[in-house]
Amino acid sequence: MSGPLSSLVRREIAIARRIGGGGSMGVVFLLVLVTIVPFAIGPDLNLLRRIGPAILWIASLLAMLLGLDRLFQADWEDGSLDQLQLGATPLEAVVFVKCLAHWATTALPLVVAAPLMGLLMAQEPESMLGIGVSLLVGSPAMTFIGAVGAAATVSLRRGGLLMALLVLPLCIPALIFGVSAANAAAGGTVPFLTPLAVLAALTLASGALCPFAAAALLRRLGE
Amino acid sequence: MLRYANPSFVLRFVKPAIPICAGLTAILLAVGLYLVFFVAPADYQQGETVRIMYIHVPAAWLGMFAYMVMSSAALGTLVWRHPVADAAQKSAAPLGAMFTFVCLVTGSLWGKPMWGTYWVWDARLTSMLVLLLIYLALIALWQTIEEPQRAAKAAAVMTLVGLVNIPIIKFSVDWWNTLHQPASVFTTSGPAIYSSMLWPLLIMAVGATFLFLTLHMMSIRNEILRRRLDRLTHLAVAAGEARGTASFEPAR
Amino acid sequence: MNNPHTTFIVASYAITAVAVLGTIAAIMLDYRRLRRALEKLGAPVDQRADEG
């Protein structure tokens, strides 16, 4: 890996750790969401077992949106975004690396925690594994798509809600295939690998395309 | 090509074009509605409710057509930076949202007598609902970003990202639908279309397209004037002209 | 047209009419307001003052 990009990864992770909370706060948010769901729909374990994967996927999606509006905003405010643009490294690569670092600090903890919270939703071990694997494969897609929304709203003081409006409809495919992969792992008519393969394709495609869109949005800021 | 990018040229072009298109719209819709209510037969299966189809299908078509128009304008914004492309893009979003909304409402009013419920998570209806969400998000983006040029660029990129996503969403919603719904549910494959139904439908669709074009041109003209007004207001304020400065309304 | 479904047909045409006419009215009012504001600034609107 080239020097500038690896130092960018180190910088992002160091910032995420010092600011604190990013990852662990997302996990707590996930726990809170999982806790309030039974209060809304009742403690029926059969029902919870049936909708558990879906709830965990939606909760992870929302938890991932939480910190996403800050992805480029801090860099934009203190001017380091301008510095990153001036550097020799293409902005697309910078965006890609920032997404990876953000994914590692906020989504990875969710991927680890969500299957464990399946216990609260009466999930079987296979199902918990399915949730974990499908989130691991699908969550990068949501980070990449979210990065486009974050780049579009970077100049707004309160862009979080608008970013959610922009990003959530675009996350529907990932949600559909992620939940059906998780459900398939719990037993069903669909083989587990079919939705998982589509999910992987979504992640790869968004990883290939979204950095270009986000970089185009960020580059326009300076004009 | 650059000639057409000139806002003054566009203003001069739409001045005669708007009345012509409006006239065509009125004639086509009048003929279409006459055919729909007095000539077209009732469907043997769906009865009179099939008359809803004549607005539902054109509205669905225009909901998608408006997105195509918006995407080409978005390309214009990103590649050539036409101010007119910005205006075309901004004006298409509310119109597309309106047609998509009409499509959803008529679809659900059609569904109630047919399916016995106002809403079915049918693949087509659901895709249209997602399209409406995308339109609404774009409108919110336009309203939130103050600076028009920055808003145009952000909206252009988001429009094109949405354009890439729409087939994927369509595909995944279809997949999701076959997964969750038994085949026994009434499918909207529709009745066999006879020519006595096809003609009114075509005329209504063309009329609705002209309606969209008319409204789009009127709206583009508004956006051009709005930008001109913004610029003049800034100039007037900068020049410190006291005359009437305090009474300028915000032009939004 | 006397059947139990008339309500639905009338309702869909009525809602469509309201949506379309509302859009037309909004665009035309906007146009009028913009032109008035431009005239107040003494700017030529680039075309004659025929009512839009």
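Residues numbered from 1 in each chain as written. Chains lettered and ligands numbered in written order. Predicted model: local features only at pLDDT ≥ 70, side-chain atom pairs only at ≥ 80, totals over all residues. Heavy atoms only, no water.

## What about the interface of chain B and chain A?
Working step 1: Across the boundary between the two partners, chain B contributes 27 residues, which contact 26 residues of chain A.
Working step 2: Taking both sides of the interface into account, the surface hidden between chain B and chain A amounts to around 2,300 Å²; carbon and sulfur atoms contribute 81%.
Working step 3: Contact with chain A buries surface across chain B, with Arg150(B), Met158(B) and Trp175(B) losing the most and accounting together for 24% of the total.
Working step 4: Seen at the junction of chain B and chain A, the total is zero salt bridges.
Working step 5: There are zero residue pairs in polar contact (both at pLDDT 80 or more) connecting chain B and chain A. (Contact = heavy atoms within 4.5 Å. Buried area = accessible area lost by both parts, 1.4 Å probe. Salt bridge = Lys/Arg side-chain N within 4 Å of Asp/Glu carboxyl O. Polar contact = N/O pair within 3.5 Å; in protein donor to acceptor, adjacent residues only side chain to side chain.)

## What to know about the environment of Arg157(A)
Working step 1: By secondary structure assignment, the location of Arg157(A) is in the loop between helix H7 (125-152) and helix H8 (160-170).
Working step 2: Each C-alpha atom of the pair Arg157(A) and Gln73(A) lies 9.0 Å from the other, and the pair is 84 residues apart in sequence. (Helix = DSSP H or I, 4+ residues; strand = E, 2+ residues; numbered from the N terminus.)

## As for the packing of aromatic side chains
Working step 1: Tallying each qualifying case throughout the model produces 12 aromatic pairs over all chains.
Working step 2: Consider the rings of Phe65(B) and Phe212(B), whose centres lie 5.6 Å apart with planes at 80 degrees: the pair is edge-to-face. Of this pair, Phe65(B) sits in helix H3 (residues 53-80) while Phe212(B) sits in helix H7 (residues 195-238); the two residues are 147 residues apart in sequence, bridging distant segments of the chain.
Working step 3: Three or more aromatic residues joined by ring pairs make a cluster, and in this case those are Trp61(B), Phe65(B), Phe99(B) and Phe212(B).
Working step 4: Sitting over the face of the ring of Tyr31(C), Arg221(B) holds its NZ or CZ atom 3.7 Å from the ring centroid. (Phe/Tyr/Trp six-rings, centres within 6.5 Å; stacked < 30°, edge-to-face > 60°. Lys NZ or Arg CZ within 6 Å of the ring centre and 35° of its normal.)

## Overview of the nonpolar core
Working step 1: The biggest cluster of nonpolar side chains holds 144 residues, and the ones touching the most others in it are Phe72(A), Val95(A), Val148(A), Leu218(A), Leu141(B) and Met158(B).
Working step 2: The element best represented in this core is helix H5 (residues 123-144) of chain B, accounting for 14 residues.
Working step 3: Once you skip the residues sitting within four places of it in the chain, Leu218(A) turns out to touch Phe72(A), Leu81(A), Gln85(A), Leu91(A), Val95(A), Ala151(A) and Val154(A).
Working step 4: Counting 16 residues, the second largest nonpolar core, distinct from the first, contains Val50(B), Ile52(B), Tyr54(B) and Ile55(B). (Core = buried A, V, L, I, M, F, W, Y, C linked by side-chain atoms within 4.5 Å. Buried < 20%, exposed > 50% of the residue type's maximum accessible area, 1.4 Å probe, protein only.)

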